[in-house]
Amino acid sequence: METISLKREPPFGWIYLNRPDKLNAINEKMIEELGETIKQLENDNEIKVIIITGTGKAFCAGADISHFKTLNPERAWLFAKKGRELMDKIENLGKPVIAMINGYALGGGLEIAMACDIRIASEEAQLGLPEITLGIYPGFGGTQRLPRLVGKGRALLMMFTGDKITAKDAERFGLVEVVVSKEALEEETRKMATKIASQSQVAISEIKLLVNKGLDSSIDAGLNMESLGWGVAFTTDDAKKRIDDFLSKRKG
Ligand SMILES: CC(C)(COP(=O)(O)OP(=O)(O)OC[C@H]1O[C@@H](n2cnc3c(N)ncnc32)[C@H](O)[C@@H]1OP(=O)(O)O)[C@@H](O)C(=O)NCCC(=O)NCCSC(=O)CCO
């Protein structure tokens, strides 16, 4: 692959956005290759947690501006559509996806991170949606996902100004879950991923589905989905074993 590299390390699949000389800017090839890599990991039964990160000093500096000049409205729409479908794919994947933000996460780069389930960032990372400075606006889901994470006012402020924020501020606003030093980033991500990989994968996948679908529904509909599915959770071998283990330890 030209733009992505994959490190398969069961139970983890590490995806590296890999155009470091262009700060991992997203071109059509990257959209295509990231989609293929995600599909490959989705079908790989040994992979329980997927981690997306960047090679070099950036997570990703957004869509590749150098090809914007070639875009007419139709091609721009198609590019945004492909980007949007990729983000939806990440968000709706039946496996947990962690964004390990090692540096700049701007524009489409932040949009990738926001489609992931959890974001862990290095203290040095800077995040933002600077599209407005190019006279455009976020096209891979940013106008919808940012306000859901940080609230309407903060999201509008970030998108109206295009300002970058620090990882610490991003954590304060709820855009990032964990911030650690640059040196600790991989180790802390690994710890987080190990804990998640040790849980019931069916339950993890159900939680993700319920949270994502629930946030797009009324609370009543979300609660109904939760209680309807809850009974099914008991039928997995994993749940039976974990409950038996708990009870037998108590007896012993
Ligand atoms: C991220 C910035 C602030 C980093 O600045 P700096 O450290 O000074 O590094 P640069 O010299 O600017 O960048 C190195 C190299 O990468 C190229 N590059 C960086 N970002 C992009 C990009 N988005 N597209 C294409 N190429 C990019 C840059 O041109 C350099 O290449 P050379 O060949 O060496 O010249 C700074 O780079 C920055 O502000 N980048 C743009 C961020 C941005 O506006 N992103 C939004 C894009 S629109 C979008 O994402 C739409 C989807 O919603």
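All of these numbers come straight from a predicted model, not from anything done at the bench.

**Student:** Please clarify how helix H7 (residues 185-197) should be interpreted in this entry.
**Tutor:** Note on helix geometry: an α-helix contains 3.6 residues per turn, so any two residues three or four positions apart are oriented the same way. Over its 13 residues, H7 extends 18 Å from the first C-alpha to the last, a length consistent with the 18 Å expected when each residue adds 1.5 Å. Among all positions in H7, only Leu185, Thr189, Met192, Ala193, Ile196 and Ala197 are buried. Projected onto a plane normal to the axis of H7, the buried residues spread over an arc of 130 degrees and lie on a single side.

**Student:** In this structure, what is going on with the pattern of salt bridges? I would like to understand it.
**Tutor:** One pass over the structure, following the stated rule, counts 20 salt bridges. Its salt-bridge partner being Lys29, residue Glu32 comes within 3.7 Å of it at the nearest N-O pair. Highlighted residues: Glu32 and Lys29, both in helix H1 (residues 28-42), separated by 3 residues, approximately one helical turn.

**Student:** What is the right way to look at the nonpolar core in this model?
**Tutor:** As a rule of thumb, nonpolar side chains are buried together in soluble globular proteins. Within the largest apolar cluster, 47 residues are counted, with the highest numbers of intra-cluster contacts made by Ile52, Phe59, Ile101, Leu127 and Leu175. Beyond its immediate stretch of four places on either side in the chain, Leu175 contacts Leu110, Met114, Arg119, Leu127, Leu146, Leu149, Val150, Met158, Ile165 and Ala170. Judged by nonpolar contacts, the second largest core, of 15 residues, contains Trp14, Ile51, Met100 and Met192.

**Student:** Any chance you could explain the domain arrangement of the protein here in plain terms?
**Tutor:** Put simply, an interface is often sized by how much accessible area is lost when its parts join up. Domains assigned within the protein are domain 1 (4-197) and domain 2 (201-251). Computed over C-alpha atoms only, the centres of domain 1 and domain 2 are separated by 28 Å. Between domain 1 and domain 2, the residue contacts involve 13 residues of the former and 7 residues of the latter. Roughly 660 Å² of surface becomes buried between domain 1 and domain 2 when both sides are summed, with 42% attributable to carbon and sulfur atoms. Counting every contact that joins domain 1 to domain 2 gives 1 salt bridge. Lys208 serves as the salt-bridge partner of Asp117, at 2.9 Å between the closest nitrogen and oxygen. In this assembly, domain 1 and domain 2 are joined by 7 residue pairs in polar contact (both at pLDDT 80 or more). It is helix H2 (residues 73-92) that contributes the most residues to the side of domain 1 that touches domain 2, 3 residues altogether. Grouping the constituent residues of the side of domain 1 that touches domain 2 by class yields 6 nonpolar, 2 polar and 5 charged.

Parameters at a glance
Residues numbered from 1 in each chain as written. Predicted model: local features only at pLDDT ≥ 70, side-chain atom pairs only at ≥ 80, totals over all residues. Heavy atoms only, no water. Helix = DSSP H or I, 4+ residues; strand = E, 2+ residues; numbered from the N terminus. Expected span 1.5 Å × (residues − 1). Buried < 20%, exposed > 50% of the residue type's maximum accessible area, 1.4 Å probe, protein only. Arc of directions from axis to C-beta. Salt bridge = Lys/Arg side-chain N within 4 Å of Asp/Glu carboxyl O. Core = buried A, V, L, I, M, F, W, Y, C linked by side-chain atoms within 4.5 Å. Contact = heavy atoms within 4.5 Å. Domains from an automatic or database assignment. Buried area = accessible area lost by both parts, 1.4 Å probe. Polar contact = N/O pair within 3.5 Å; in protein donor to acceptor, adjacent residues only side chain to side chain. Nonpolar A, V, L, I, M, F, W, Y, C, P; charged D, E, K, R; others polar.

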